[in-house]
Amino acid sequence: MWRHIDRIVAVGTTEQHDIHEPLGEIDSAPQHAALLAQWETGRAAYGEGRFEAALACFRATALLRPDDGPSRVFIERCRTFLRDGTPKDWDGIWHFDRK
């Protein structure tokens, strides 16, 4: 069982890569259901540029798993986009601009 974390473009490239996190064997799915539901709803909202809705979902995910690094990253991204706006060429894919 996997959680889709992000779609990225590494510095110096144009190729997109999907990042996934292993969560466990398929029989452990019920224990991850609430987390995945919040996460996937948040990722969909994030991809559509609905950052307030995404932020609420990522905060809910962080409550379910307080040490969740991906939730912290996406909470910060949403806060930044809400504060500063999105780059004009934003496409939902995270483009790393430095090593």
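Residues numbered from 1 in each chain as written. Predicted model: local features only at pLDDT ≥ 70, side-chain atom pairs only at ≥ 80, totals over all residues. Heavy atoms only, no water.

> Break down the packing of aromatic side chains for me, citing the residues and quoting the values.
Counted by the stated rule, this structure contains eleven aromatic pairs. With centroids separated by 5.3 Å and ring planes inclined at 70°, the aromatic side chains of Phe-51 and Trp-90 adopt a geometry described as edge-to-face. With a gap of 39 residues between them, Phe-51 in helix H2 (residues 51–64) and Trp-90 in the loop between helix H3 (69–84) and strand S3 (94–95) connect regions that are remote in the sequence. For the ring pair Phe-81 and Trp-94, a centre distance of 6.4 Å and an interplane angle of 50° mean the geometry is tilted. On the criterion of sequence distance, the pair formed by Phe-81 in helix H3 and Trp-94 in strand S3 is long-range, its members being 13 residues apart. Residue class for Trp-94 comes out partly exposed when judged on its relative accessible area of 26%. These aromatic residues form a ring-pair network of at least three members: Trp-39, Tyr-46, Phe-51, Phe-58, Phe-74, Phe-81, Trp-90 and Trp-94. Against the face of Trp-39 rests Arg-3, its NZ or CZ located 4.5 Å from the ring centre. It is Arg-77 that lies over the ring of Phe-74; its NZ or CZ is 4.5 Å from the centre. (Phe/Tyr/Trp six-rings, centres within 6.5 Å; stacked < 30°, edge-to-face > 60°. Helix = DSSP H or I, 4+ residues; strand = E, 2+ residues; numbered from the N terminus. Buried < 20%, exposed > 50% of the residue type's maximum accessible area, 1.4 Å probe, protein only. Lys NZ or Arg CZ within 6 Å of the ring centre and 35° of its normal.)

> Tell me about the pattern of salt bridges, and please be specific about residues and values.
Under the definition given, this model contains nine salt bridges. The residue Arg-3 makes a salt bridge to Glu-21 at a minimum N-O spacing of 2.7 Å. Separated by 18 residues along the polypeptide, Arg-3 in strand S1 (residues 2–9) and Glu-21 in strand S2 (residues 16–22) bring together distant segments of the chain. We classify Arg-3 as buried; its relative accessible area is 1%. With a shortest N-O distance of 2.8 Å, Asp-6 and Arg-77 are connected by a salt bridge. Of this pair, Asp-6 sits in strand S1 while Arg-77 sits in helix H3, placing them 71 residues apart in sequence. The residues Asp-6 and Arg-77 share a single accessibility class, namely buried. Salt bridges here are not isolated pairs; linked through shared partners, they connect Arg-3, Glu-21, Arg-65 and Asp-68. (Salt bridge = Lys/Arg side-chain N within 4 Å of Asp/Glu carboxyl O.)

> So what's going on with the nonpolar core? Residues and values would help.
Ranked by size, the top nonpolar core spans 13 residues in total, and within it Tyr-46, Ala-54, Phe-58, Phe-74 and Cys-78 carry the most contacts. Going through the elements one at a time, helix H1 (29–47), H2 and H3 are the ones with two or more residues in this core. Take this core: its biggest share by element is five residues, from H2. In this structure, Tyr-46 is in contact with Phe-51, Ala-54, Phe-58, Phe-74, Arg-77, Cys-78, Phe-81, Trp-90, Gly-92 and Trp-94, ignoring residues within four places of it in sequence. (Core = buried A, V, L, I, M, F, W, Y, C linked by side-chain atoms within 4.5 Å. Contact = heavy atoms within 4.5 Å.)

> A description of the sheet that holds S1 should follow, citing residues and the corresponding values.
Strand order in the open sheet formed by three strands is S2-S1-S3, with mixed pairing between adjacent strands. Each having just a single partner strand, S2 and S3 make up the two edges of the open sheet. As judged from the seven bridges shared by S1 and S2, these two strands associate in the antiparallel manner. Among the inter-strand pairings, His-4 is bridged to a residue of S2, identified as His-20. Sitting on the sheet, H3 touches S1 and S3, and the angle it makes with S1 is about 45°. (Pairing = 2+ DSSP bridges. Axes fitted to C-alpha atoms, helices over the stretch in contact; angles between N-to-C directions.)

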